Amino acid sequence: MGKAICSVKDLLSMLDELLKEESTFSWDEFYSKRDRNVPFFRNFPDENLVGYFKKGLLTSGIALELGCGPGRNAFFLAQQGWKVDAVDASHEALEWGMERARNQKIDVNFIQSNIFELDVADGNYDLVYDSGCFHHIPPHRRMSYLELIDKALKPGGYFGLTCFVEGGELGGSSISDLEVYKLRTMQGGLGFTEEKLRHIFRDYEVIEIRRMRQATEDERVFGVNGLLIALFRKRNAAHPTI
Ligand SMILES: C[S@@+](CC[C@H](N)C(=O)[O-])C[C@H]1O[C@@H](n2cnc3c(N)ncnc32)[C@H](O)[C@@H]1O
């Protein structure tokens, strides 16, 4: 007999299992072939993240990167003088990241963990950044994701996101949350629209939401048109939303 559901934690784990059973995808396997032509395997930071520094929106502080992969955005933040905790569940990704960090002599605190098992200190971070992890988070984990960024961020802190656009050229399934469970698949990653992001992150002030800018070869930044980028700001406790 299977385990009886007695708590929200049991329910979330059961839904994880439901989707996992249908999936054969492994991030460790994905990262084990480093020479494949995957755009985000190149060690360049997101064009929008670089832009926030150019515009003076981000200056200095402590950052938490969720689903950091082999660390390209974490390295950029560390090079701007930030203290960076970079989390990913994949051992292979972090091995690669730590190798890059050693070669480039950059200090990043890599943490191998499922983001939902992280024990973050309350209000510790000036920036939570996620490039490409959120669209792999199943709908039933979205509340935990929101709790995580809310707990991690200082009042006035920023949350930066890069995710699939719905029906985009790089992927981004347009199925509904209900269909995820009916079909038992996220079809390689969920797609979002500006409207959906505004709804999900409605407790945050929207700084910008737009398509990622296609970068040219010589810019040394990561920029592809099939993604959405967003920057939100956590409201100060003195001005809560109702
Ligand atoms: C598309 S990759 C992006 C990697 C990196 N941010 C980049 O842009 O180069 C998504 C990453 O999210 C990680 N990931 C997905 N779900 C996760 C979870 N629940 N906890 C931790 N990492 C997760 C995967 O291991 C993978 O490295």
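Please refer to the structure higher up on the page.
Just so it is clear, the model here is predicted, and its values are computed rather than measured.

Thresholds applied
Residues numbered from 1 in each chain as written. Predicted model: local features only at pLDDT ≥ 70, side-chain atom pairs only at ≥ 80, totals over all residues. Heavy atoms only, no water. Pairing = 2+ DSSP bridges. Helix = DSSP H or I, 4+ residues; strand = E, 2+ residues; numbered from the N terminus. Axes fitted to C-alpha atoms, helices over the stretch in contact; angles between N-to-C directions. Core = buried A, V, L, I, M, F, W, Y, C linked by side-chain atoms within 4.5 Å. Buried < 20%, exposed > 50% of the residue type's maximum accessible area, 1.4 Å probe, protein only. Contact = heavy atoms within 4.5 Å. Near = heavy atom within 4 Å. Polar contact = N/O pair within 3.5 Å; in protein donor to acceptor, adjacent residues only side chain to side chain. Areas by Shrake-Rupley, 256 points an atom, 1.4 Å probe, with all protein chains shown as cover. Nonpolar A, V, L, I, M, F, W, Y, C, P; charged D, E, K, R; others polar. Salt bridge = Lys/Arg side-chain N within 4 Å of Asp/Glu carboxyl O.

> How should I be thinking about the sheet that holds strand E5 (residues 153-164) in this particular structure?
Hydrogen bonds along the backbone pair up the strands of a sheet, which may run parallel or antiparallel. Across the sheet, which stays open at both edges, the seven strands sit in the order E3-E2-E1-E4-E5-E7-E6 with mixed pairing between neighbours. Of all strands in the sheet, those bounded by a partner on one side alone are strand E3 (109-112) and strand E6 (204-211). Strand after strand, the sheet turns through a mean of 15 degrees between neighbouring axes, direction not considered. Pairing of strand E2 (residues 83-88) with E3 involves four bridges; the strand directions are parallel.

> Looking at this structure, I do not really get the nonpolar core. What am I missing?
What tends to happen in soluble globular proteins is that the nonpolar side chains get buried as a cluster. With 34 residues, the main nonpolar core has Tyr145, Leu197 and Phe201 as its most contacted residues. Listing elements by their share of this core, those giving two or more residues are strand E1 (62-66), strand E4 (125-131), helix H6 (142-152), E5, helix H8 (194-200), E6 and strand E7 (227-234). Contacts of tyrosine 145, omitting those with residues within four sequence positions, involve Leu66, Ile115, Phe116, Asp130, Phe134, Ile137, Phe159, Leu161 and Phe201. Membership of the second largest hydrophobic core comes to 32 residues, among which are Val108, Tyr129, Phe164 and Phe222.

> Please explain the site of the ligand as it appears in this structure.
The environment of the ligand is formed by 18 residues, the closest being Tyr31, Gly67, Arg72, Asp88 and Ser131. One of the side-chain nitrogen or oxygen atoms of tyrosine 31 is found 2.6 Å away from an oxygen atom of the ligand. At a separation of 2.9 Å, a nitrogen atom of the ligand approaches a polar backbone atom of isoleucine 115. Isolated, the ligand exposes 590 Å² of accessible area, and the fraction of that covered by the protein chains is 92%. Here the shell around the ligand is built from residues that sort into seven nonpolar, eight polar and three charged.

> What am I meant to see in the side chain of histidine 135 here?
Along the chain, histidine 135 turns up in the loop between E4 and H6. Within polar-contact distance, the side chain of histidine 135 engages the backbone oxygen of glycine 132 at 3.0 Å.

> Teacher, can you tell me more about the pattern of salt bridges here?
Pairs can form between side chains of opposite charge whenever their charged atoms are close. Considering all chains together, one arrives at 16 salt bridges under this definition. One salt bridge in this structure joins arginine 141 and aspartate 16, with 2.6 Å as the shortest N-O distance. Here arginine 141, found in the loop between E4 and H6, pairs with aspartate 16, found in helix H1 (residues 8-20); they are 125 residues apart in sequence, far enough to count as distant. By relative accessible area, arginine 141 is classed as buried at 13%. Across the pair glutamate 217 and arginine 42 runs a salt bridge, and its minimum N-O distance is 3.2 Å.

Just geometry here; none of it tells us what the structure is for.
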